[in-house]
There are 2 protein chains.
Amino acid sequence: MNKGLLIVISGPSGAGKGTICKALLEKHPEIKLSVSCTTRSPRQNEVEGINYYFITKEKFKEMIENDEFLEYAEVYDNYYGTPKANVERILNEGNDIILEIDIQGALKVKEKYPEGVFVFIMPPSMEELKNRIKKRGSETEESLIKRFKAAFQEINYVANYNYVIVNDVVEEAVKRLEAIIVAEKCRVDRLKGNYIFLQEGFLND
Amino acid sequence: MNKGLLIVISGPSGAGKGTICKALLEKHPEIKLSVSCTTRSPRQNEVEGINYYFITKEKFKEMIENDEFLEYAEVYDNYYGTPKANVERILNEGNDIILEIDIQGALKVKEKYPEGVFVFIMPPSMEELKNRIKKRGSETEESLIKRFKAAFQEINYVANYNYVIVNDVVEEAVKRLEAIIVAEKCRVDRLKGNYIFLQEGFLND
């Protein structure tokens, strides 16, 4: 059996990666979503094992020491990380798994799992990105400019990815993501083992 | 504007590449089909510029000398070749072009145009390939075995391709080919230039 694909969806904040992942998973319930570990407290409505695995700092540090994360980061005194075991189990069962993750996280995953499919979600234009960041809420002009500049800097990292999807119309973006998944499964470098097998079948025929 | 994709559809005889190309072109009239040059005489119903460009041996040899073919071959005292100028014009206009071609031809095209998308059409099984070759007509058992062995040998070349499509159900095979074309247009290495451009837009904003 083929291993599943590790699909990493990433991009600057405001590009719409969350919306695209949600739409993809609704269309394809067979694709799994990676659930992160965090040391922060659950918010209202957050469910253990669905939104996050909520664990203690001691446990998190132990997992770091045992190299049990594909990637992790410390944000405002809390840890967030992608547990390796879960991802590997799903891939070994032949299922695809999505990681929705920021750019720094994606680059770390790439080091550990270069055979992943790295997809960069790009805002359609600077203007549109500005609008989206604005819409998110009550930010000051200063923090808006700061976030905006950060998003601009982040776009440089697109060169580290395999694919870029411009998120102009969500439905179209999701269709392109679906096509990438289908195409990746046809890539010869993923299938070589199978065709050695097929050839053996040919020889014995 | 982006250049179009050169899509090379190839594979062993009996794998069904002709059927897949035909079905793709019917669904996507915007994709062009490369028309070959040949020195053989037109058969009944064959139309100049649709089935082939029918040219003289002198003209063909002149074109070889001027490096005007992406690939060519001599088969039973006649020449067949893919004229470069036509392919380049279509690609430069931003349109995709399909080359349906044998494996030796595809390998030659890859030398000259490595940025092409090389797709290997694979018969679903040895048994099925046998049936398909049989169905083609009145071959002796000996020539059947010969063709069959040749097809088996050709499968080794799959490693030189980017993608492999197992032609089990034609409609499914065509869908996979469509997905490959969509995905290739999202590949970062094809789009890098555009995002430098986008970033300049971001800077000036």
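Residues numbered from 1 in each chain as written. Chains lettered and ligands numbered in written order. Predicted model: local features only at pLDDT ≥ 70, side-chain atom pairs only at ≥ 80, totals over all residues. Heavy atoms only, no water.

Student: I tried to follow helix H1 (residues 17–27) of chain A on my own but got confused; where do I start?
Tutor: Residue pairs spaced three or four apart in an α-helix point in one direction, given the helix's 3.6 residues per turn. Residue and element names in this part refer to chain A. Regarding H1, the residues found buried are Lys17, Ile20, Cys21, Leu24 and Leu25. Looking down the long axis of H1, one finds its buried residues gathered within 130° of arc, a one-sided arrangement. The exposed set on the far side of H1, more than 90 degrees from its buried face, consists of Lys22 and Glu26. Packing partners of the buried residues in H1 comprise strand S1 (6–10), strand S2 (32–33), strand S7 (97–100), strand S8 (117–122) and helix H7 (170–184). (Buried < 20%, exposed > 50% of the residue type's maximum accessible area, 1.4 Å probe, protein only. Helix = DSSP H or I, 4+ residues; strand = E, 2+ residues; numbered from the N terminus. Arc of directions from axis to C-beta. Contact = heavy atoms within 4.5 Å.)

Student: How do you make sense of the sheet that holds strand S9 (residues 163–166) of chain A when you look at a structure like this?
Tutor: The pairing of strands in a sheet happens through backbone hydrogen bonds and is either parallel or antiparallel. All names here are of chain A. Taken in spatial order, the 5 strands of this open sheet run S2-S7-S1-S8-S9, and their pairing is parallel. Across the chains shown, the open sheet's two edge strands, defined by having one partner strand only, are S2 and S9. Bridge count between S2 and S7: 2 bridges; the pairing is parallel. By the bridge assignment, lysine 32 is partnered in S7 with isoleucine 97. Contacting S1, S2, S7 and S8, H1 crosses the sheet at an angle of about 160° to S7. Lying over the sheet, helix H3 (residues 84–92) contacts S1, S2 and S7, oriented at roughly 145° with respect to S7. (Pairing = 2+ DSSP bridges. Axes fitted to C-alpha atoms, helices over the stretch in contact; angles between N-to-C directions.)

Student: Sorry if this is basic, but what is going on with the pattern of salt bridges here?
Tutor: All chains considered together, the criterion is met by 24 salt bridges over all chains. Residues arginine 176 of chain A and aspartate 168 of chain A are paired through a salt bridge, measuring 3.2 Å at the closest nitrogen-oxygen approach. Across the salt bridge formed by aspartate 77 of chain B and lysine 57 of chain B, the nearest N and O atoms sit 3.8 Å from each other. Of this pair, aspartate 77 of chain B sits in the loop between strand S5 (69–75) and strand S6 (78–83) while lysine 57 of chain B sits in helix H2 (residues 57–65), placing them 20 residues apart in sequence. Salt bridges here are not isolated pairs; linked through shared partners, they connect Asp67, Lys84 and Lys112 of chain A. (Salt bridge = Lys/Arg side-chain N within 4 Å of Asp/Glu carboxyl O.)

Student: Could you clarify how one ought to interpret the domain arrangement of chain A in this entry?
Tutor: Frequently, the measure chosen for interface size is the accessible area removed from exposure when the parts meet. Residue and element names in this part refer to chain A. Domain boundaries in chain A define domain 1 (1–31 + 96–205) and domain 2 (35–95). Of note, the centres of domain 1 and domain 2, computed from C-alpha atoms alone, are 20 Å apart. Taken together, the contacts link 16 residues of domain 1 with 14 residues of domain 2. The contact between domain 1 and domain 2 buries some 1200 Å² in all, and 66% of this surface belongs to carbon and sulfur atoms. (Domains from an automatic or database assignment. Buried area = accessible area lost by both parts, 1.4 Å probe.)

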